[in-house]
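Residue-level listing of the chains:
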Amino acid sequence: MGDGPDAAEKSHFLEVCYSFLEYGTDAFYDLGRMQDTIQSLDKDDQAMWKVPPLPWYSEIQRRVQVNLDFLRPGKGPVPAILCPGCGLARLPFDLVRLGYAAQGNEFSYHMLLGTHLILNRSEKAECFNIFPFVLTLANRKGRWDHLRCVKVPDVCPVEALGPAAQLSMAAGEFVEVYKTQESAWDGMATCFFLDTAKNVFLYIRTIAYIIRKGGIWTNLGPLLYHYADVPHEISIELSWEEVRPYICQYFDFVEEEEKVARYTGNAEGLSINRYRCIFFVARRNGKPAEGHSNPVF
Ligand SMILES: C[S@@+](CC[C@H](N)C(=O)[O-])C[C@H]1O[C@@H](n2cnc3c(N)ncnc32)[C@H](O)[C@@H]1O
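Quick notes on the rules
Residues numbered from 1 in each chain as written. Predicted model: local features only at pLDDT ≥ 70, side-chain atom pairs only at ≥ 80, totals over all residues. Heavy atoms only, no water. Phe/Tyr/Trp six-rings, centres within 6.5 Å; stacked < 30°, edge-to-face > 60°. Helix = DSSP H or I, 4+ residues; strand = E, 2+ residues; numbered from the N terminus. Lys NZ or Arg CZ within 6 Å of the ring centre and 35° of its normal. Axes fitted to C-alpha atoms, helices over the stretch in contact; angles between N-to-C directions. Parallel < 35°, antiparallel > 145°, perpendicular 65-115°, else oblique. Contact = heavy atoms within 4.5 Å. Nonpolar A, V, L, I, M, F, W, Y, C, P; charged D, E, K, R; others polar. Buried < 20%, exposed > 50% of the residue type's maximum accessible area, 1.4 Å probe, protein only.

1. Details of the packing of aromatic side chains
Here comes step 1: One pass over the full model with this rule turns up 15 aromatic pairs.
Here comes step 2: On the basis of an interplanar angle of 10° and a centroid distance of 4.7 Å, the ring pair of Phe 193 and Tyr 203 is categorised as stacked. Placement of the pair is Phe 193 in the loop between strand E6 (185–191) and helix H9 (200–210) and Tyr 203 in helix H9, with a sequence separation of ten residues.
Here comes step 3: With 6.3 Å between their ring centres and 75° between their planes, Trp 240 and Phe 253 make a pair best called edge-to-face. Remark: Phe 253 occurs in strand E8 (residues 251–262) and Trp 240 occurs in helix H10 (residues 240–250); sequence separation between them is 13 residues.
Here comes step 4: Directly above the aromatic system of Phe 28 lies the positively charged group of Arg 97, at a separation of 4.8 Å from the ring centroid.
Here comes step 5: The ring centre of Phe 279 lies 4.8 Å from the NZ or CZ of Lys 259, which sits over that ring.

Here's what the structure looks like:
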């Protein structure tokens, strides 16, 4: 950005813009703390307080949503972000909470049914008890660790999203579902998805085809390649050094770094998965998405 008064002015202006954009993140952090505090109150304390905690919380939440709507620039449509391979839809859910319109995409019925339960059937936060580790006896620290209960969801989607929230799911294989949606999306967020490709060229070309010029693609994940060990399946396993130039044909990298991320498993056990993930933010350039791949599904 350079030095001098102009640069300082620009930097200050960007900070101001950023503070508006970050209101949602900050507000949801505060709301989360309030929710934790309410849940930590003993029944006796709640009785002393004489205020029903859930309606109290909902009133605050509704007003935060109004503030968010107010801070969004203008009255135009909010940017539409696609999250392919979204698992239980946490990423599109969080994007909608930040004020975007988001669509999750999944082809696994396990994930789709789980998503339906969490999004549409959770009456409040932590309304379901599950025991994910109960049959896993390896790598325990304590004798009773496998009996640990996990309460889900941590946030109740129906409470967290206002009636105007634009969250949707599309079931089906990513390329099949979106292959005709030219320039239809303002952005794409992929998390642990890129390496689910049998042919990563096909994924990248499809992504380039459906994001409009100037749109943003953000990605986090390793290159584990899901089909690497599946017999009789096509699996093109390229390194990041080989994948990156293909992405560069259609996108200009804005940010790029390695980020360490854990992935599932019992965080309190003796074995945890840690990936050195590729993280990037890239902007779609004007080059048309050309070429063809043989079908892989
Ligand atoms: C490693 S998981 C990541 C899930 C989620 N993004 C997360 O980070 O928790 C990959 C997900 O992509 C889904 N998936 C894999 N290939 C897909 C495809 N071609 N189309 C749609 N979904 C796909 C899988 O069912 C799985 O839920």
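2. Digging into the packing of helix H2 (residues 23–40) against helix H4 (residues 53–71)
Here comes step 1: It is at 11 Å that the axes of H2 and H4 come closest, and there the two elements cross at 180°. Here H4 runs roughly antiparallel to H2, going by the angle between their axes. Between H2 and H4, the residues in contact are Tyr 23, Gly 24, Ala 27, Phe 28, Leu 31, Met 34, Gln 35 and Ile 38 and Pro 53, Trp 56, Tyr 57, Ile 60, Gln 61, Val 64, Asn 67, Leu 68 and Leu 71, respectively.
Here comes step 2: Split by residue class, the contact of H2 with H4 holds 13 nonpolar, four polar and no charged.

3. As for unusual backbone geometry
Here comes step 1: Of note, the amide linkage connecting Val 152 to Pro 153 takes the cis form, showing an omega dihedral of -10°.
Here comes step 2: Secondary-structure assignment places Pro 153 in the loop between strand E4 (150–152) and helix H7 (157–160).
Here comes step 3: For Glu 126, which is not a glycine, the phi torsion comes out positive at approximately 60°.
Here comes step 4: Structurally, Glu 126 is set in the loop between helix H6 (109–121) and strand E3 (128–130).
Here comes step 5: Assessed through its relative accessible area of 35%, Glu 126 is described here as partly exposed.
Here comes step 6: At Phe 192, a residue that is not glycine, the phi angle is positive and equals roughly 50°.
Here comes step 7: Its location among the elements puts Phe 192 in the loop between E6 and H9.

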